[in-house]
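Commentary on secondary and tertiary structure
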Amino acid sequence: MQRIGILFSVVAVFLISSVQAQTRTGNADAPSRFPKVTIANSELRTIKSTSTGRDYDLYIHIPKQYDKDQTAKYPVLYVLDGQWEFGLVEQVVGGLVFDQYMPDVIIVGITYSGENADYDGLRAMDFTPTPIEGLKGSGDGPKFLKFLKTELIPFVEASYRVDPARRVLMGGSLGGLFTLYAMFSDPSLFSAYFAACPAVVLGPFFKQEADYARVHKDLPVKLYVAVGGWDELSGPVQEFVHIVRSRNYGGLQLEARVIEGERHAGIAPEAFNRGLRFLFSEPVAQP
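Summarised in this report is the structure supplied together with it. (Residues numbered from 1 in each chain as written. Predicted model: local features only at pLDDT ≥ 70, side-chain atom pairs only at ≥ 80, totals over all residues. Heavy atoms only, no water.)

Within the protein chain, the regular secondary structure consists of 8 helices and 8 strands. Looking at the protein chain residue by residue over its 287 residues, the buried ones come to 46%. Of all intrachain contacts in the protein chain linking residues separated by at least 6 positions in sequence, the fraction that spans at least 24 positions is 73%. When the accessible surface of the protein chain is split by element, carbon and sulfur atoms take 55% of a total near 15400 Å². (Helix = DSSP H or I, 4+ residues; strand = E, 2+ residues; numbered from the N terminus. Buried < 20%, exposed > 50% of the residue type's maximum accessible area, 1.4 Å probe, protein only. Contact = heavy atoms within 4.5 Å. Areas by Shrake-Rupley, 256 points an atom, 1.4 Å probe, with all protein chains shown as cover.)

This is the structure we're talking about:
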């Protein structure tokens, strides 16, 4: 009898432990019982482009005071690679707004529709100004720029209360390359440009800048460029910055930063913080 009692005790302990473990971790075979985490003050819109033939999801941050003051208009920050960058940008903006380094803005994170979108392949098409050997379908940069100019910006400005004089384009890596391409193609489309680790080694980018310099003395925009000190692009990006500074473009406000100890992706938190502070340049309340 004593052995049977011990056996029942062991079985009871096992069953209790199993129930407790399932309570803590959930049953992998059961449907999820918990809601997904969402980003407050944001919404999802979708737009189909006739310029590129692709569908885009737009992750849109709405300022907290948007519905309280029906007369206020807001700057718009257009962020390429929204699937990766939107969350961090939204958090950085929130901190800078709280600390009064910048005004609250509408953020438009641009990405691709579909649960299994091939982000790498699609961005290689849209963000490259010319075909690049080894990148299938590359060279659709002009089409994507047309999409921004004739479809996306009009859609955003018809849907939200925005300040058309304060548009900012922000991109990293291939997105940074496209950002600079857009700036030299049509500087007035945005008032400011943010290029993080731009892939300036791809395609005849330096030629585009030289062609622009031959016929333009002015570049009336704000430009922020950042690159990691350990990034393989560090040398070419710094060369680009040196060339642009040497042009003495009229109206250009340029700030560049090499973030030491970081490679290609790790620069994002510091670069986003410093870059957005520079591009929006709001007066700072002194402590």
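Let's shift gears to the environment of Phe194. Residue position: Phe194 is located in strand S6 (residues 192-196). According to the relative accessible area criterion, Phe194 is buried, its value standing at 0%. Residues Phe194 and Gly176, spaced 18 residues apart in sequence, show a C-alpha to C-alpha distance of 7.3 Å. When sequence neighbours within four positions are dropped, the list of residues in contact with Phe194 reads Leu169, Met170, Gly171, Thr179, Tyr224, Ala271, Phe272, Gly275, Leu276 and Leu279.

Now for the nonpolar core. In this structure, Tyr78, Ile110, Phe178 and Leu276 are the most contacted members of the largest nonpolar core, which totals 86 residues. With 8 residues, helix H5 (residues 174-185) is the single largest residue contributor to this core. Filtering out sequence-adjacent residues up to four positions away, Ile110 remains in contact with Tyr56, Asp57, Leu58, Tyr78, Val79, Leu80, Asp81, Gly82, Gln83, Phe144, Leu148 and Leu152. (Core = buried A, V, L, I, M, F, W, Y, C linked by side-chain atoms within 4.5 Å.)

Within the secondary structure, Ala196 is located in strand S6. In this structure Ala196 comes out as buried when scored by relative accessible area, which is 8%. When the C-alpha atoms of Ala196 and Gly171 are compared, they prove to be 6.3 Å apart, with 25 residues separating the residues in sequence. Once residues within four sequence positions are removed from consideration, Ala196 is found in contact with Gly171, Gly172, Ser173, Gly176, Ala226 and Ile267.

Looking now at the sheet that holds strand S3 (residues 74-79). Read across the sheet, 8 strands follow the order S1-S2-S4-S3-S5-S6-S7-S8 without closing on themselves; strand pairing throughout is mixed. Looking at which strands have only one partner, the edges of the open sheet turn out to be strand S1 (42-48) and strand S8 (253-259). Across the sheet, the axes of successive neighbouring strands diverge by a mean angle of 20°, strand direction being ignored. Two strands pair when backbone bridges link them, and S6 and strand S7 (residues 222-228) are joined in this way by 5 bridges, in the parallel orientation. Within S7, the residue paired with Ala192 across the bridge is Lys222. Seen against the sheet, helix H2 (residues 82-98) touches S1, strand S2 (55-61), S3, strand S4 (106-112) and strand S5 (162-172) and runs at an angle of roughly 165° to S4. Here helix H7 (residues 234-247) sits on the sheet in contact with S7 and S8, set at roughly 160° to S8. (Pairing = 2+ DSSP bridges. Axes fitted to C-alpha atoms, helices over the stretch in contact; angles between N-to-C directions.)

Moving on to the side chain of Ser51. Relative to the helices and strands, Ser51 resides in the loop between S1 and S2. We classify Ser51 as buried; its relative accessible area is 15%. Apart from residues no more than four positions distant in its own chain, Ser51 is found in contact with Lys143, Lys146, Phe147, Thr150 and Glu151.

Now for the pairing of S8. In this sheet, S8 lies alongside S7 in parallel orientation, the contact comprising 7 bridges. Bridge assignment links Ala226 to a residue of S8, and that residue is Arg257. Handedness of the S7-H7-S8 crossover: right-handed. (Right-handed = clockwise from strand over helix to strand, strands pointing away.)

Among the 7 residues that make up S2, 5 are buried, leaving the element largely enclosed by the rest of the structure. Across 7 bridges, the pairing between S1 and S2 is antiparallel. Across the sheet, Lys48 pairs through a bridge with Asp55, a residue of S2. Adjacent in sequence and paired antiparallel, S1 and S2 are bridged by 6 residues, among which Gly53 carries a positive phi angle near 80°. Pairing analysis gives 6 bridges linking S2 to S4, with the strands arranged antiparallel. Its bridge partner lying in S4, His61 is registered against Ile107.

To continue, consider the packing of helix H6 (residues 205-215) against H7. Axis separation between H6 and H7 bottoms out at 11 Å; the angle between their running directions is 5°. Here H6 is positioned roughly parallel relative to H7, judged by the angle of their axes. Taken together, the residues of H7 that come into contact with H6 (itself represented by Phe205, Phe206, Glu209, Ala210 and Ala213) are Pro236, Glu239, Phe240, Ile243, Val244 and Arg247. Counted by class, the contact of H6 with H7 contains 8 nonpolar, no polar and 3 charged residues. (Parallel < 35°, antiparallel > 145°, perpendicular 65-115°, else oblique. Nonpolar A, V, L, I, M, F, W, Y, C, P; charged D, E, K, R; others polar.)

Taken by themselves, the reported measurements are silent on function.
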